[in-house]
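So the chains spell out like this:
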Amino acid sequence: LRKIIRHKHQIHLQELNKMEEGTKNEEPHSVGIVKKVHIERALKWATKKKNVLLLCYTMSLVSVIISSFYVSAMLRSLGHVIAKSDHSQASSTENFGNNIEDKMHSIEGSVQETSSACLLVCDDNHFLIEWIAYHYFAVDLRYLIVTRDPRCRTSPDHILDRWRDKLTIEYWNDSHFLEIDGNKTVLETHRARQSQFYIGCLRTLKRKNQSWVLLTDTDEFVTINPSKSAGVNPFSKSGEKNKSLLFPKMERLPSISEPGSVMTFLKNVIVPNKKIGLAGPCLPIYREQFSARESSKEEVEQGLSDSSLGKASFDYMAFSTLRWRKWGKSPKAAFETVLGKKCSTEINPIPGKVAIDLSRLREQDLYHKGIAGNPHRPLEPICPQGNLFTKSKKAGLIIHHYLGTEEQYNYRSTDSRGEKYRTLHYEHTNQNIGSLESDHLKPWLEGFVGLVGEDEASRLLKDVGELERTIDDSGNQLNSNLRLIDLESRGKTYKVGDLVQGKYKDEWYWAQVTDVIAGMYYNLVLIAKEEKCFEIVGVESNNIRLRGYTIDSLSKRKIMKRKGKRKIKEIKELKKKNNSEIMKENMLIYYKNKKNNSLGDI
């Protein structure tokens, strides 16, 4: 800038000298004076501009020096700010309830690299034996909190005792977590026990510095989605591409025959990852429902042999993970809804579960008022609701959910829906599941025997799949006062095609009856979700009505109006089709006559 101003200053001086010479020789005196005054003013402006620019340059230099001191001071105090922020976050818990500080405890030790689980059991020791062994092997299960419904006939104590040298096990009763008044129904008490147990369990495991936690049942077995194990690492020597890019540090996913395969998946997955729905601390798990359709003994035992298991020989038909191979929905006949949608109705997809990474949560987060302890959405205010019905292709983990034999399914004596409901639900599920087959979990047993040894495997898996007796030494029935009581059919009955309102997950929706079971249970297709043919199965008659407020913002008038528009559209399309056919026929007659006239002329 200084060079530019100096150059302009020299130009003005040259012009001024020329002007003085012009006034002497050629131009009139008055014109010379005007030009001289003009140039002198321009020269003064340039000099002033030079001084202003020099001042700006000086101020800029001073401001840079001051800013450098300010930034260095901020960097020196940054460590103190971060330390204070943790303290302020821990103290600002007014959004999560009152007096949380009194309920919270200090976190113990460092974050664990193994998994933990919260498990609510009831008369399912035949599943529990296999469930613990499988998850100990595949998911590195090392911390287990268990509670039991006090109405159940059997106790899991003797099974849990087998594992106390390998797992940290806490066995809770209702006094550990349950706060409920005495005016609740049996079903309401069960739901309160379930939700309060899960909330208390998650808080306890957080204080124990656990990381990944499972909230599953004893008939559910977690594994890696087979579709995620096909890719090759892009950073491996082969140079092939892995489209999912889930595991940049691994050349392949471990097989289910390798110890800790699921935990290896969890420790190496990229976070966040939209491809498997992992956005927060919750990883959605897709549930695959398996039927009780039998396979032959040869099919079950294929690939298994006593020689590979050494002394630990087993009855393979006693293992749910080996015996039950058939899954996948079998579509029924098409059903046309009131709005004309043709649905190939099938059993409703069961809601998924989640694995929770507690290491990405603070303890006060688990005191959020919106956490209700739902086993499918345990951290609803924190984790996305869309994960409830995640698709199998988008899930990183899947659950094999087994029905078991009819005797195993009906062994539990505490289902408030009644014996008839359980029987019909079992039959309906079994009929509509089984179009596909899978042996994905079969290799785990051989891997487990190799991990713990033959003798130890035999001890831990003793009596797997066997129902315990419910008669004491005196020949009396244990808990004989407990039995499954069928609900009575109340109110109006309905028939296939009726337009009704159905209750689904505590909300009312407009729906249409697609099937009637035993005259008192109904299958419904939700009108608001008819594009997906969303069907709910086994709805009781007391959860169906004809009028009232619905969450889907529909009304019978709106539905019938849409039905009327559909009819008008169909009539127009039919007329258009008929007119088109008539026009086509007329054209054929015209060309035929024209052809005949041409032949006549010839």
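About the cut-offs
Residues numbered from 1 in each chain as written. Predicted model: local features only at pLDDT ≥ 70, side-chain atom pairs only at ≥ 80, totals over all residues. Heavy atoms only, no water. Disulfide = S-S within 2.5 Å. Helix = DSSP H or I, 4+ residues; strand = E, 2+ residues; numbered from the N terminus. Phe/Tyr/Trp six-rings, centres within 6.5 Å; stacked < 30°, edge-to-face > 60°. Buried < 20%, exposed > 50% of the residue type's maximum accessible area, 1.4 Å probe, protein only. Lys NZ or Arg CZ within 6 Å of the ring centre and 35° of its normal. pLDDT = per-residue confidence, 0-100. Contact = heavy atoms within 4.5 Å. Pairing = 2+ DSSP bridges. Right-handed = clockwise from strand over helix to strand, strands pointing away. Patch = residues over 30% accessible without salt bridge, like charges linked within 9 Å, V, L, I, M, F, W, Y side chains within 5 Å. Areas by Shrake-Rupley, 256 points an atom, 1.4 Å probe, with all protein chains shown as cover. Salt bridge = Lys/Arg side-chain N within 4 Å of Asp/Glu carboxyl O. Core = buried A, V, L, I, M, F, W, Y, C linked by side-chain atoms within 4.5 Å. Axes fitted to C-alpha atoms, helices over the stretch in contact; angles between N-to-C directions. Parallel < 35°, antiparallel > 145°, perpendicular 65-115°, else oblique. Nonpolar A, V, L, I, M, F, W, Y, C, P; charged D, E, K, R; others polar.

Moving on, we get to the state of the cysteines. By definition, a disulfide links the sulfur atoms of two cysteine residues through a covalent bond. Applying the stated criterion to the full structure yields three disulfides. Linked covalently through their sulfurs, C118 and C201 form a disulfide whose S-S length is 2.0 Å. Disulfide C118-C201: torsion about the S-S bond near -90°, hence left-handed. Placement of the pair is C118 in strand 1 (residues 115-121) and C201 in helix 6 (residues 186-207), with a sequence separation of 83 residues. The disulfide bridge from C282 ends at C383, spanning 1.8 Å between sulfur atoms. Of note, the bridge from C282 to C383 carries an S-S torsion of about 55° and is right-handed in sense. Within this pair, whereas C282 is found in strand 6 (residues 282-290), its partner C383 is found in the loop between strand 10 (353-357) and strand 11 (397-402), the two being separated by 101 residues in sequence.

Next up on the list: the packing of aromatic side chains. Applying the stated criterion across every chain, the model contains 17 aromatic pairs. An angle of 45° between the planes, with centres 5.7 Å apart, marks the rings of F197 and Y198 as tilted. Y198 carries the same exposure label as F197, and that label is buried. Taken together, the aromatic side chains of Y134, Y136, W163, F221, F290, F314, F319, W327, Y402, W444 and F448 make up a single cluster linked through ring pairs. Here the basic side chain of R142 rests over the ring of Y136, its NZ or CZ set 3.9 Å away from the ring centre. Against the face of W508 rests R545, its NZ or CZ located 4.0 Å from the ring centre.

Glancing now at the confidence of the model for the chain. In this model, the chain carries a mean pLDDT of 77, and residues with pLDDT of at least 70 account for 70%. By mean pLDDT, the top-scoring element of the chain is helix 4 (residues 125-138) (97), and the lowest-scoring one is helix 3 (residues 100-103) (51). Segment residues 79-98: pLDDT under 50, and 16 contacts once partners within four positions in sequence are set aside and those in other chains are kept. The model gives residues 479-490 a pLDDT under 50, and that stretch makes 29 contacts with residues more than four places away or in other chains.

What follows is about the pairing of strand 2 (residues 141-148). For strand 2, the buried fraction is high: six of the eight residues fall into the buried class. Bridge count for strand 1 against strand 2 is seven bridges, and the pairing is parallel. Note that in strand 2 the partner of L120 across the bridge is T147. Crossover handedness for the path strand 1 to helix 4 to strand 2: right-handed. Across five bridges, strand 2 lies against strand 3 (residues 168-172) in parallel orientation.

Our focus in this paragraph is a nonpolar patch on the surface. A cluster of nonpolar side chains, contributed by M583, M587, Y590 and Y591, occupies part of the molecular surface with about 460 Å² of accessible area. Relative to the helices and strands, Y590 resides in helix 15 (residues 556-601). Look at Y590 and you get partly exposed, because its relative accessible area is 46%.

An α-helical segment advances 3.6 residues per turn. Residues three or four places apart therefore align on the same side. Listed as buried for helix 13 (residues 444-452) are W444, L445, G447, F448, V449 and V452. Where helix 13 ends, the next residue or the one after it, G453, has phi of about 100°, a positive value.

This next bit is on the environment of L397. Its place among the elements puts L397 in strand 11. By relative accessible area, which is 0% here, L397 ends up buried. For L397 and N225, which are 172 residues apart along the polypeptide, the C-alpha to C-alpha distance reads 5.0 Å. Those residues in contact with L397 that sit more than four places away from it in its chain are V222, T223, I224, N225, V262, F265, L266, L283, P284, I285 and Y286.

Within the largest apolar cluster, 66 residues are counted, with the highest numbers of intra-cluster contacts made by I132, L144, W163, L397, W444 and F448. Tallying contributions element by element places helix 4 first for this core, with nine residues. Each residue touching W444, except ones within four places of it in the same chain, is listed here: E130, A133, Y134, F137, I256, F319 and T321.

One can describe the packing of helix 4 onto helix 13 by two numbers: an axis separation of 10 Å at closest approach and a directional angle of 75°. With respect to their mutual orientation, helix 4 and helix 13 come out roughly perpendicular. When helix 4 is examined against helix 13, the residues E130, A133, Y134, Y136 and F137 are found in contact with a partner set consisting of W444, G447, F448, L451 and V452. Considering only residue class, the contact of helix 4 with helix 13 consists of eight nonpolar, one polar and one charged.

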